[in-house]
Each structure stands twice: as C-alpha cells, then as structure tokens.
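A closer look at the structure
Listed below are the residues making up each chain.
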Amino acid sequence: MVFSPQGPSLRELTVQALSSVERGYDLLAPKFEHTPFRTPDSVLDATTDALRPLGPFGQGLDVCCGTGAGMRTLKPLCQGRITGVDFSTGMLAQARRTHPDAEWVQSDARALPFAEDFDLAVSFGALGHFLPAQRLSLFAGVYRALRPDGLFAFPIGAPPPITSRRYWTLLGFDLAMQVRNAVWRPPFVMYYGTCYLNAVRNDLTAAGFTVTTVPLTALGRREDGSPRCRLVLARRN
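In this report, we go over the structure that sits alongside the text. (Residues numbered from 1 in each chain as written. Predicted model: local features only at pLDDT ≥ 70, side-chain atom pairs only at ≥ 80, totals over all residues. Heavy atoms only, no water.)

A closer look at the side chain of R135
Position of R135 among the secondary structure elements: in helix α6 (residues 132-145). Owing to a relative accessible area of 3%, R135 belongs among the buried residues under this scheme. Of note is the side chain of R135, whose polar atom sits 2.5 Å from the backbone oxygen of T194. Setting aside residues up to four positions removed in sequence, R135 forms contacts with F130, T194, C195, A199, V200 and D203. (Helix = DSSP H or I, 4+ residues; strand = E, 2+ residues; numbered from the N terminus. Buried < 20%, exposed > 50% of the residue type's maximum accessible area, 1.4 Å probe, protein only. Polar contact = N/O pair within 3.5 Å; in protein donor to acceptor, adjacent residues only side chain to side chain. Contact = heavy atoms within 4.5 Å.)

Description of the side chain of N181
Take N181: it is sitting in helix α7 (residues 165-183). What N181 contacts, discounting residues up to four positions off in sequence, is P187, F188 and Y191.

Some words on the packing of aromatic side chains
Counted by the stated rule, this structure contains eight aromatic pairs. Relative to F209, the ring of Y143 has its centre 5.0 Å away and its plane inclined at 80 degrees; by these criteria the two rings are edge-to-face. Taken together, the positions of Y143 in helix α6 and F209 in strand β6 (residues 209-215) put the pair 66 residues apart, joining distant regions of the chain. The class for Y143 is buried, based on a relative accessible area of 17%. (Phe/Tyr/Trp six-rings, centres within 6.5 Å; stacked < 30°, edge-to-face > 60°.)

Considerations on the packing of α6 against helix α8 (residues 197-206)
Relative orientation of the contacting elements α6 and α8 amounts to 45 degrees, with a least axis distance of 9 Å. By the angle between their axes, α6 is oblique relative to α8. The hand of the α6/α8 crossing is right-handed. In this structure, α6 uses P132, R135, L136 and F139 to contact α8, whose residues at the interface are A199, V200, D203, L204 and A206. In terms of residue class, the contact of α6 with α8 is built from seven nonpolar, no polar and two charged. (Axes fitted to C-alpha atoms, helices over the stretch in contact; angles between N-to-C directions. Parallel < 35°, antiparallel > 145°, perpendicular 65-115°, else oblique. Left-handed = near helix turned anticlockwise from the far one by under 90°. Nonpolar A, V, L, I, M, F, W, Y, C, P; charged D, E, K, R; others polar.)

Here's the deal with the environment of T89
Along the chain, T89 turns up in helix α5 (residues 89-98). Between the C-alpha atoms of T89 and G66, which are 23 residues apart in sequence, the distance is 9.5 Å. Not counting residues up to four positions away in its chain, the partners in contact with T89 are D26 and Q106. Looking at T89, its side chain comes within polar contact range of the side chain of Q106, at 2.8 Å.

Notes on the sheet that holds strand β3 (residues 103-106)
The strand order across the open sheet formed by seven strands is β3-β2-β1-β4-β5-β7-β6, and the pairing between neighbours is mixed. In this open sheet, the two strands that pair with only one neighbour each are β3 and β6. Strand-to-strand twist of the sheet, defined as the mean angle between neighbouring strand axes without regard to direction, takes the value 20 degrees. (Pairing = 2+ DSSP bridges.)

Some details on the nonpolar core
Considering soluble globular proteins, one finds that nonpolar side chains tend to be buried as a cluster. Grouped together as the largest cluster of nonpolar side chains are 29 residues, with contacts concentrated most on F139, F152, L204 and F209. Elements represented by at least two residues in this core include exactly β1 (60-63), β4 (118-122), α6, β5 (146-157), α8, β6 and β7 (229-236). With five residues, α6 is the single largest residue contributor to this core. In terms of nonpolar packing, the next biggest core, distinct from the first, is built from 24 residues, C65, A102, A153 and L231 among them. (Core = buried A, V, L, I, M, F, W, Y, C linked by side-chain atoms within 4.5 Å.)

Looking at the layout of surface pockets
Take a probe with the size of a water molecule and roll it over the atoms, and the empty space left behind shows itself. Roughly 170 Å³ of volume is contained in the second largest pocket. For the second largest pocket, the lining is made up of 13 residues, of which G157, A158, P159, L197 and R230 are closest to its centre. Mapped by element, the contributors of at least two residues to the lining of the second largest pocket are β5, α8 and β7. Grouping the amino acids of the lining of the second largest pocket by side-chain chemistry returns seven nonpolar, three polar and three charged. (1 Å grid on protein atoms, 1.4 Å probe; cavity = no way out; pocket = protein on both sides within 12 Å on 5 of 7 lines; lining within 4 Å. Points joined across faces, edges and corners; volume = space filled by probe spheres on them.)

Here it is as structure tokens:
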C-alpha cells in the first residue's frame, strides 16, 4: 500500500493517473483522506486563524472542495450557509457523508453557477489543476460568486530553493506530467510550477480583485526568514 494501510495502492494510483482529472478523483475519493494530497489540518487551521480577525462572514464557499476538508475553515468563520463545489461525483459523495449539514454542488469551477451569493470563498490545493490560461476564468467565476466586498482566500506556498531536494522533486513531477499528457489521452492536469504568487496575483487583479497577502507564520519560515506559506486575500471591489 502507498502512504498508509488505508491509502491507495500503487496500482490504484496508476489507474488514477492514466484517467481524466474527474475520473481519477472519482476513483481516488474513497481513500483520499489517507493520502498526502488532502490539505493538512495545520494549513486549514492557520488559514482559519488568519481569517478570523476579518470576520465573521455570512455565507461561505469552498471552491474545488474535494472531500470537504475546507469545512474545517468555513464552519467557525461563517454564520450562514456553507457550500462546497467540485466536479467529481466521488469526492462530493465523500464530502456529503462527512459534512451532511453543508450544501454540495457539482460544477466545473471555471463555470460556477453562482452570482453574488457568498461573503467568503476559500480554496485549498486546487490551483495546480488549472493551466495558466484557465486561471482567469476560474477567478472571474469566483468574483461573480462573491457579494461586493466579499473575500476570496487561499494559501500559497513559497517556491522551494533551487538547491533543495523538494525543488527538483516537484520539477521532475511536472516534467513527467508533461510527458504523460503528450502521449496519453485524456490529459490529467496537475502541475506544481505554474501557480507561483506573482502570476496568481496578476490573474486575480485582471479578474477585478484587490489583492493582499499575509504570512501564515504558524507554518514556519525558510532559512532566509521569509514565510513558508502566505494567505492570499483577494477582495471583490
């Protein structure tokens, strides 16, 4: 078994990787909570703590919610309805079982079916599933889903130093994914090197947001003293 005794096997991961993104996550959903792809509670809690002084909020939305881990952030911050949206039937089924008190909507995040419905939107670990050319439509949809002065927040990690093992591991993963998508259909979009802060900030600004960041100091600092992770705060004008 891979990751933990409850996690997916190598064969199951291979089948997932050779599927489309949607089908792959449908297959992975029953064991997703037992993989490192699930956002750690430490990241969710740091995000919650950083957002708490900016609230309370009314209604909340988790964009690309997966199995619903983001509810750990939305529930203590939002006084109204909380909703998760994802395009994977399997992931939503798991989310409904874990959080039956939330609302769940199946939709492509690039075409969100909302208009000025939410005061806070969050997203965790999903940006790598969108090619750079697709980010603007994603952010524009979130912008439409928010009420005026609504907030879109998500953590984004600092790029690893080029001398680190993590840098070369992520680069190798991205290169392998490019080769896989060049020779196999349907594509599976997941890249780690396409969503660094400056590029994301530019796309958010182009979608109409006013963008600031705050360091998530609870997640530690790099050797140069800079934070390992920042929380992007994109405010609808």
